[in-house]
Amino acid sequence: MELDCRDLLCPMPIIELARHLSDVEVGRLLAVVARDVAARTDVPAWCRMRGQEYVGEDTADDGAPRYVVRRLS
Amino acid sequence: MTNASGQPGVPVPVYLDTASSEPLHPAARAALLAAIDQGYADPRRLHRPARSARLLLDNAREVVADCLGVRADEVTFTASGTDAVHRGLLGLLAGRTRVGSKLVHSAVEHSAVLYAAAWAETVRAVPVPVDPLGRVAVDDLVAAASDPGVAVAAVQSANHEVGTLQPVAEIAAALPDVPLFVDACASAGRLPLPQGWAAAAASAHKWGGPAGVGLLLVRKGARWRNPFPRDDRIDERGAGFENVPAALGAAAALQAVVAERDEVNARQSALIDAVRTAAAAIPDTEVVGDPTDRLPHLVTFSCLYVDGEALVHALDRRGFGVASGSACTASTLTPSHVLEAMGALTHGNVRVSLSRDTSAAETEAFLSVLPGVVREIRAEVGL
């Protein structure tokens, strides 16, 4: 599952991530696409603080940064 | 502090942003006012008013040197801390052009260091990562500085945003033959100057002196070349007409702060411990920076799902002035490079810094409103 947060400023991408975590099963991946540079630091920080796994960064089809998270709980 | 609101029934604002600028120390006010009438003339001239100004300036230099444990001829008064950083850093780089053009620095240096390096087109900056507490490792810094072509290493005495102290003396002892620039703006006066620098910088309004006074320290024998146009002033390392009264005010404040610091630091450090504990108890809030090996007067924490600017405004409405390293606004789109380098949450960030007379009642009042403010902002986004 992928959240389109391309045009959202911080902290909205992280808020969307928190809102939609329960949309995926435990063990499955959730991705946030965000152009806001704060997401690069804040998605891994959110994972650390909330006990989720930060899988890594890749890019969406249009080249926008995409941050992938695995739901652990 | 005076009641800035000036209206009956409106609470006196509690100023918790001294890391941006400390209120003027009473000792600085007295010295500054006295010197304004005495120190107006050009200290280079030979007439009596000039000699009077020169005496005040030399006196200020002696006092500063004594407080910092340096030689008087190592002290230059500059127009600001930033100016001192620019002159100190670029002057060391200019003295080493034959060796190389690389500047090795911790990733959490003040932006004055980063911008100075970017401005010097021939200089290549090599940032060295920090740990999650914001501290650069001695081995990492020294290894990077041992590469060929490294002209200068730059390490701050303490971090201005999160308070973590840097191992400056250990780095200086282990560095190969590379001069060290130390930005001591965050700690000068509050803590002794670390040893081992070739040049260092400090800023008077961070310790309760007037704004517009910086200190450039250049170690006797260090290879330093003026990176800017020269000026025919008393001190060849500076430029422009010296602000003699402000220099004297800065020196008087420094003297008072150094004399009081054992007592003030202990009191502030205990209050900061209390703020750290209370902030950490707010759900989804992370207190950043070293809990013990830190500046006595400041703490930074970040709250998940909270817009840093909204948090600053909400606290301001309740009478508390704090700073934020967040970029959750349309005007500044990059978050704090310090928090970024530490891997700390960059949004919902607040820095609390105490003045010399901040009371326990004031920090308790702040801590009594903080959880509710965070809760309200989160409620607005449904979290």
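Residues numbered from 1 in each chain as written. Chains lettered and ligands numbered in written order. Predicted model: local features only at pLDDT ≥ 70, side-chain atom pairs only at ≥ 80, totals over all residues. Heavy atoms only, no water.

Engineer: How would you summarise the nonpolar core if you had to cite specific residues and measurements?
Structural biologist: Residue and element names in this part refer to chain B. Counting residues in each nonpolar core, the largest one holds 58 residues, and the members touching the most others are Leu141 and Trp207. Composition of this core by domain shows at least three residues from each of domain 1 (14-24 + 261-380) and domain 2 (26-256). By size, the runner-up hydrophobic cluster in this structure holds 25 residues, among which are Val275, Ile282, Leu315 and Phe366. (Core = buried A, V, L, I, M, F, W, Y, C linked by side-chain atoms within 4.5 Å. Buried < 20%, exposed > 50% of the residue type's maximum accessible area, 1.4 Å probe, protein only. Domains from an automatic or database assignment.)

Engineer: Tell me about the pairing of strand β3 (residues 102-106) of chain B, and please be specific about residues and values.
Structural biologist: Along a regular strand, successive side chains alternate from one face of the sheet to the other. All names here are of chain B. For β3, the tally of buried residues reaches five of five residues, placing the bulk of the element in the interior. Pairing geometry for β3 and strand β4 (residues 124-128), over five bridges, is parallel. What sits directly across from Val104, in β4, is Val126. As for the winding sense of the linkage, the β-α-β connection from β3 through helix α4 (residues 111-119) to β4 is right-handed. When β3 meets strand β5 (residues 150-154), the two strands line up parallel, connected through four bridges. When the sheet's bridge partners are listed, Lys102 is paired in β5 with Val150. (Helix = DSSP H or I, 4+ residues; strand = E, 2+ residues; numbered from the N terminus. Pairing = 2+ DSSP bridges. Right-handed = clockwise from strand over helix to strand, strands pointing away.)

Engineer: An account of the interface of chain A and chain B is needed here, citing residue identities and associated values.
Structural biologist: On the side of chain B, 25 residues touch chain A, which itself brings 16 residues to the contact. When chain A packs against chain B, the two sides together hide about 1,600 Å² of surface, and 66% of this comes from carbon and sulfur. It is Pro11, Thr41 and Met49 of chain A in chain A that bury the most area against chain B; as a group they hold 30% of the surface buried on that side. Summed over the shared surface of chain A and chain B, the result is two salt bridges. Where Arg48 of chain A meets Glu286 of chain B, a salt bridge forms, and the shortest distance between an N and an O atom there is 2.1 Å. For the pair chain A and chain B, the interface holds seven residue pairs in polar contact (both at pLDDT 80 or more). Elements with a minimum of two residues in the side of chain A that touches chain B: α1 (12-20) and α2 (38-50) of chain A. The residue makeup of the side of chain A that touches chain B, split by class, is eleven nonpolar, one polar and four charged. (Contact = heavy atoms within 4.5 Å. Buried area = accessible area lost by both parts, 1.4 Å probe. Salt bridge = Lys/Arg side-chain N within 4 Å of Asp/Glu carboxyl O. Polar contact = N/O pair within 3.5 Å; in protein donor to acceptor, adjacent residues only side chain to side chain. Nonpolar A, V, L, I, M, F, W, Y, C, P; charged D, E, K, R; others polar.)

Engineer: Tell me what's going on with the packing of α1 of chain A against α2 of chain A, and back it up with residues and numbers.
Structural biologist: All names here are of chain A. As a packed pair, α1 and α2 sit with axes 10 Å apart at the nearest point and diverge in direction by 35°. With respect to the hand of their crossing, α1 and α2 are arranged in right-handed fashion. Contacts between α1 and α2 involve Ile14, Leu17 and Ala18 from the former and Asp42, Val43 and Trp46 from the latter. Taken together, the residues of the contact of α1 with α2 break down into five nonpolar, no polar and one charged. (Axes fitted to C-alpha atoms, helices over the stretch in contact; angles between N-to-C directions. Left-handed = near helix turned anticlockwise from the far one by under 90°.)

Engineer: A description of the domain arrangement of chain B should follow, citing residues and the corresponding values.
Structural biologist: All names here are of chain B. Taken as a whole, chain B is organised into domain 1 (14-24 + 261-380) and domain 2 (26-256). Relative placement of domain 1 and domain 2: their C-alpha centres are 27 Å apart. Of the residues lining the interface, 29 residues belong to domain 1; the matching set on domain 2 comes to 35 residues. Buried area between domain 1 and domain 2, both sides added, is near 2,500 Å², and the carbon and sulfur share of it is 53%. When the area that domain 1 buries against domain 2 is broken down by residue, the three leading residues are Leu24, Arg261 and Leu295, summing to 27%. Our count for the contact surface shared by domain 1 and domain 2 stands at three salt bridges. Along the contact surface separating domain 1 from domain 2 lie 17 residue pairs in polar contact (both at pLDDT 80 or more). Of all the secondary structure elements, the ones that give two or more residues to the side of domain 1 that touches domain 2 are α7 (244-280), β10 (298-303) and α9 (337-342). Ranked by residue count, the leading element in the side of domain 1 that touches domain 2 is α9, at five residues. In terms of residue class, the side of domain 1 that touches domain 2 is made up of twelve nonpolar, ten polar and seven charged.

Engineer: I'd like to hear about the pattern of salt bridges, residue by residue, with values.
Structural biologist: Inspection of the entire model under this criterion finds 30 salt bridges over all chains. Across the pair Arg66 of chain A and Asp58 of chain A runs a salt bridge whose closest N-O atoms are separated by 2.9 Å. Arg233 of chain B is the partner of Asp42 of chain B in a salt bridge, and the nearest nitrogen-oxygen pair spans 3.0 Å. A residue pair is termed long-range when its members are at least 10 positions apart, and Asp42 of chain B in the loop between α1 (26-38) and α2 (48-68) and Arg233 of chain B in the loop between β8 (214-218) and α7 qualify at 191 residues. In this pair, the class of Asp42 of chain B matches that of Arg233 of chain B, namely buried. Each of Asp4, Arg6, Asp7, Arg35 and Asp62 of chain A takes part in a single network of salt bridges with overlapping partners.

Engineer: Would you mind going over empty space enclosed by the protein in detail, with residue names and values included?
Structural biologist: Residues and elements named next belong to chain B. Within the structure shown, the criterion is met by one cavity of 30 Å³ or more. Its volume calculated, the largest cavity comes out at about 120 Å³. Taken together, Glu22, His25, Arg190, Trp207, Gly208, Val257, Glu260, Arg261, Val264, Asn265, Gln268 and Arg356 form the lining of the largest cavity. Lining the lining of the largest cavity are residues from two domains, each supplying at least three of them: domain 1 (14-24 + 261-380) and domain 2 (26-256). (1 Å grid on protein atoms, 1.4 Å probe; cavity = no way out; pocket = protein on both sides within 12 Å on 5 of 7 lines; lining within 4 Å. Points joined across faces, edges and corners; volume = space filled by probe spheres on them.)

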